[in-house]
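Listed here are the chains, written in short residue letters.
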Amino acid sequence: MTARLLKACALVFVLLLALGGAAAQDSVQTVPYLQTSGFNVPVLAGWDNQSTDAIAQFYSAEYKATIRAQIVALEDPPAAARTVLASWLDIETGPPVYNGKVNLADGTWHVLAFDINAATTASVMARRHGQGSVVISFVEAAPEARTMLLTLAQTDDALNTAAPEIDLALDPFAGVELAQLDDAGNIDMPSGQWQVYERPRLRALGMVFGNDSYIALQEGELGNLAALADAYNRTLLGFFVTPDNSLYLALGLAAAFAVLGLLVLSFFWRSRGIQQELALIETLTSDEE
Amino acid sequence: MPRLLRALTIATVLGFAATLYLGLFAAGTDIQQGAVQRIFYIHMPAFFGAFTAFGLSLFGGIMVLAGKSADWDKLALAGVEVGLAFALINLLTGAIWARPIWNTWWTWDPRLTSAAIMCLTYAAYLMLRAGFDDTERRRTFMSVYSILGFVTVLITLFIIRIVPETIHPVIVGASPQNAQGSFEATSGVMLALAPSLLLWLTLMPITLMWHRYRLEDRLESLNRAKLKALSE
């Protein structure tokens, strides 16, 4: 009887495991994510995935561009950004073309852009994370163009346009004002709708998300700036660190075990008490007899 | 101990170990919530375990009022005691999950409030029961109480479907608009959840209630022995 019941229970569990697998067929397909040991980023479709366990890196041969995300053991974000570029490109960075800060939902990010050499430009965002820094960098190695990707807080968050921030970014990048560019309308990308401004050999894109403007600037032989801006933007907004809250899990398990343990122990104690009392009554009765 | 109860106890302990393994190791880590999401594999099944236990208590109450054997009253008591323990596990694990996900241990959300009221209602059952000297009156009163008390279980179960202003997520089906801490019922989640749910719905409440029922039986035997000894 006992063995038969245990076998039946085991069979039910096996059936449930199979049911669990079948239920998976109904699960919703989501954006593919790259999960590293420390953080998560969306996988960029069409880009070559060169990631390792500690670094998320996507390369596009078509755009000669690389997007990389990593966590480095330096508490100063600008220093971490420079360290990443120095070790990656094997070159010392000069003064940044742009240096600013922006508050996003997950913290304060330092925004830096560098002209590394005649062929290479780098745009980096970095923020503190525990005892280190998160660094998300974009490097384009196309000698025919300079590209800069920035995030700026909106000067007026009542406006649904990135134009004021594009104007702010254009000055350090190309020494021009937005008024010198033509409005080329909007372009729809997976990350959202980008406003486009351009003139010969200079293009500027901007998109408002939350209270921030995401800006992309390109000078020289103009390529597909929207695709680069979109890829970098999706990496920035899709990046997140899986929180380490295993202590709360341990606490939850301890609470469940404590309640169940107390219930079972109370059964045991009460049962023992009854047994002792019954034995006492029996002893007293037999003594009287 | 009856052989069937012994078999059930072994199956429950093994099943509990197996579902813990599935929830803690076989299911993947939720990349947004982290390890604390695994509490869900105890939190939700614990509520359904309480549902079974309180449901059996309701059934026991109905049987007592229908004039059936007084033994049904023992079933009702066992259901309340085991159900309350499960409901407490549900409440505690929920609060512990909420701290890192909602950034608070407690909020007066409709689901949380109704679950707390349910716990207090059944805790009051145990306190009230202890206050009766007349056995017959106790059986009748507590049977009515266990039937009425089950309303709080139903309210707790359905409130997030009725009151949309809740932040409590719904895993099976669409979450309310304001829900925080939702996650998808993917294959890994279902793999760990289905056996755990079955265990807490059936084996755990039935086994523990049977043990509690036997305890009450023995307590009655003791009382009878005391009376007999006094009368002699």
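Read on for a plain summary of the structure. (Residues numbered from 1 in each chain as written. Chains lettered and ligands numbered in written order. Predicted model: local features only at pLDDT ≥ 70, side-chain atom pairs only at ≥ 80, totals over all residues. Heavy atoms only, no water.)

### Concerning the interface of chain A and chain B
Right, so step 1: Each side of the interface is counted separately: chain A has 44 residues, and chain B has 58 residues.
Right, so step 2: Of the roughly 4300 Å² buried between chain A and chain B, counting both surfaces, carbon and sulfur atoms make up 81%.
Right, so step 3: Viewed at the interface, chain B and chain A are joined by two salt bridges.
Right, so step 4: Residue Glu81(B) pairs with Arg270(A) through a salt bridge whose shortest N-O separation is 2.4 Å.
Right, so step 5: Our enumeration of links across chain A and chain B arrives at seven residue pairs in polar contact (both at pLDDT 80 or more).
Right, so step 6: For the side of chain A that touches chain B, the secondary-structure elements that each account for two or more residues are α1 (2–23), β1 (33–35) and α5 (246–288) of chain A. (Contact = heavy atoms within 4.5 Å. Buried area = accessible area lost by both parts, 1.4 Å probe. Salt bridge = Lys/Arg side-chain N within 4 Å of Asp/Glu carboxyl O. Polar contact = N/O pair within 3.5 Å; in protein donor to acceptor, adjacent residues only side chain to side chain. Helix = DSSP H or I, 4+ residues; strand = E, 2+ residues; numbered from the N terminus.)

### Some remarks on a nonpolar patch on the surface
Residues and elements named next belong to chain A.
Right, so step 1: Nonpolar side chains collect at one region of the surface, where Leu265, Phe268 and Trp269 lie side by side and expose about 330 Å² of accessible area between them.
Right, so step 2: By the element assignment, tryptophan 269 lies in helix α5.
Right, so step 3: Judged by relative accessible area, which is 48%, tryptophan 269 ranks as partly exposed. (Patch = residues over 30% accessible without salt bridge, like charges linked within 9 Å, V, L, I, M, F, W, Y side chains within 5 Å. Areas by Shrake-Rupley, 256 points an atom, 1.4 Å probe, with all protein chains shown as cover. Buried < 20%, exposed > 50% of the residue type's maximum accessible area, 1.4 Å probe, protein only.)

### Concerning helix α1 (residues 3–26) of chain B
Right, so step 1: Between its first and last C-alpha, α1(B) extends 32 Å over 24 residues, near the 34 Å set by a 1.5 Å rise per residue.
Right, so step 2: Those residues of α1(B) lying buried are Leu5(B), Ala7(B), Leu8(B), Ala11(B), Thr12(B), Gly15(B), Phe16(B), Thr19(B), Leu20(B), Leu22(B) and Gly23(B). (Expected span 1.5 Å × (residues − 1).)

### What about the packing of helix α2 (residues 40–65) of chain B against helix α5 (residues 135–162) of chain B?
Residues and elements named next belong to chain B.
Right, so step 1: Two numbers describe how α2 lies on α5: the axes approach to 8 Å, and their chain directions differ by 145 degrees. Crossing of α2 against α5: the hand is left-handed. Mapping the contact onto sequence places Phe47, Phe48, Phe51, Phe54, Gly55, Ser57, Leu58, Gly61, Ile62, Val64 and Leu65 in α2 and Arg139, Thr140, Ser143, Val144, Ser146, Ile147, Phe150, Val153, Leu154, Thr156 and Leu157 in α5.
Right, so step 2: Partitioned by chemical class, the residues of the contact of α2 with α5 number 14 nonpolar, seven polar and one charged. (Axes fitted to C-alpha atoms, helices over the stretch in contact; angles between N-to-C directions. Left-handed = near helix turned anticlockwise from the far one by under 90°. Nonpolar A, V, L, I, M, F, W, Y, C, P; charged D, E, K, R; others polar.)

### Considering the environment of Leu280(A)
Right, so step 1: Along the chain, the position of Leu280(A) falls in helix α5.
Right, so step 2: Each C-alpha atom, one on Leu280(A) and one on Leu34(A), is 69 Å from the other, the two residues being 246 residues apart in sequence.

### Considerations on the packing of aromatic side chains
Any two aromatic rings considered together are summarised by their centre-to-centre distance and by the angle between their planes.
Right, so step 1: Applying the stated criterion across every chain yields a total of 19 aromatic pairs over all chains.
Right, so step 2: With a centroid separation of 5.3 Å and 35 degrees between ring planes, the pair formed by Phe39(A) and Phe239(A) is classed as tilted. With Phe39(A) in the loop between β1 and β2 (40–42) and Phe239(A) in the loop between α4 (225–238) and α5, the pair connects residues that are 200 residues apart, well separated along the chain.
Right, so step 3: Between the aromatic rings of Phe257(A) and Phe16(B), the centroid separation amounts to 5.7 Å while the plane-to-plane angle is 70 degrees, which identifies the pairing as edge-to-face. Taken together, the residues Phe257(A) in helix α5 and Phe16(B) in helix α1 connect one chain to another.
Right, so step 4: The class of Phe257(A) is partly exposed, set by a relative accessible area of 41%.
Right, so step 5: The buried category is assigned to Phe16(B), whose relative accessible area is 15%.
Right, so step 6: Three or more aromatic residues joined by ring pairs make a cluster, and in this case those are Phe257(A), Phe16(B), Phe86(B) and Trp200(B).
Right, so step 7: Here the guanidinium or amino end of Arg68(A) rests over the ring plane of Trp88(A), the centre of that ring lying 4.3 Å away. (Phe/Tyr/Trp six-rings, centres within 6.5 Å; stacked < 30°, edge-to-face > 60°. Lys NZ or Arg CZ within 6 Å of the ring centre and 35° of its normal.)

### Here's the deal with unusual backbone geometry
Right, so step 1: Its identity as a non-glycine residue notwithstanding, Asp90(A) has a phi of 55 degrees, on the positive side.
Right, so step 2: Inspection of the secondary structure puts Asp90(A) in the loop between α2 (77–89) and β6 (98–104).
Right, so step 3: A relative accessible area of 71% means that Asp90(A) is categorised as exposed.
Right, so step 4: Residues other than glycine seldom take positive phi values, yet Asn103(B) does so here, at roughly 65 degrees.
Right, so step 5: A relative accessible area of 61% means that Asn103(B) is categorised as exposed.

### As for the nonpolar core
One recurring pattern in soluble globular proteins: nonpolar side chains tend to sit buried together.
Right, so step 1: Ranked by internal contacts, the top residues of the largest apolar core, which has 60 residues, are Leu260(A), Phe54(B), Val82(B), Phe86(B), Ile89(B), Tyr122(B) and Trp200(B).
Right, so step 2: Of all the secondary structure elements, the ones that give two or more residues to this core are α5 of chain A together with α1, α2, α3 (71–102), α4 (110–130), α5 and α6 (187–231) of chain B.
Right, so step 3: No other element matches the 16 residues that α3(B) contributes to this core.
Right, so step 4: If we ignore the near neighbours within four places in the chain, the residues touching Phe54(B) are Gly79(B), Val80(B), Gly83(B), Leu84(B), Ala87(B), Met118(B), Tyr122(B), Phe150(B) and Val153(B).
Right, so step 5: Among the nonpolar cores identified, the runner-up in size contains 55 residues, and Leu44(A), Ala113(A), Ile166(A) and Val241(A) belong to it. (Core = buried A, V, L, I, M, F, W, Y, C linked by side-chain atoms within 4.5 Å.)

### Looking at the pairing of β6(A)
Residues and elements named next belong to chain A.
Right, so step 1: Only one face of β6 is covered, namely the face carrying Tyr98, Gly100, Val102 and Leu104; the face carrying Asn99, Lys101 and Asn103 is uncovered.
Right, so step 2: As paired strands, β6 and strand β7 (residues 107–115) are joined by seven bridges and run antiparallel to one another. Counterpart to glycine 100 in the pairing with β7 is valine 111.
Right, so step 3: If you look at the hairpin formed by β6 and β7, you'll find two residues sitting between the two strands. (Pairing = 2+ DSSP bridges.)

### Brief notes about the sheet that holds β7(A)
Residues and elements named next belong to chain A.
Right, so step 1: Within the open sheet, the seven strands sit side by side as β3-β4-β5-β9-β8-β7-β6. Their pairing is antiparallel. Here the strands that pair on one side only, and so sit at the sheet edges, are β3 (48–49) and β6.
Right, so step 2: In the sheet, strand β4 (residues 55–60) pairs with strand β5 (residues 65–72) via six bridges, with the strands oriented antiparallel. When the sheet's bridge partners are listed, alanine 56 is paired in β5 with alanine 69.
Right, so step 3: Against the sheet, α2 touches β4, β5, β7, β8 (121–129) and β9 (132–140), its axis set at about 50 degrees to β9.
Right, so step 4: Here α4 sits on the sheet in contact with β5, β8 and β9, set at roughly 170 degrees to β9.

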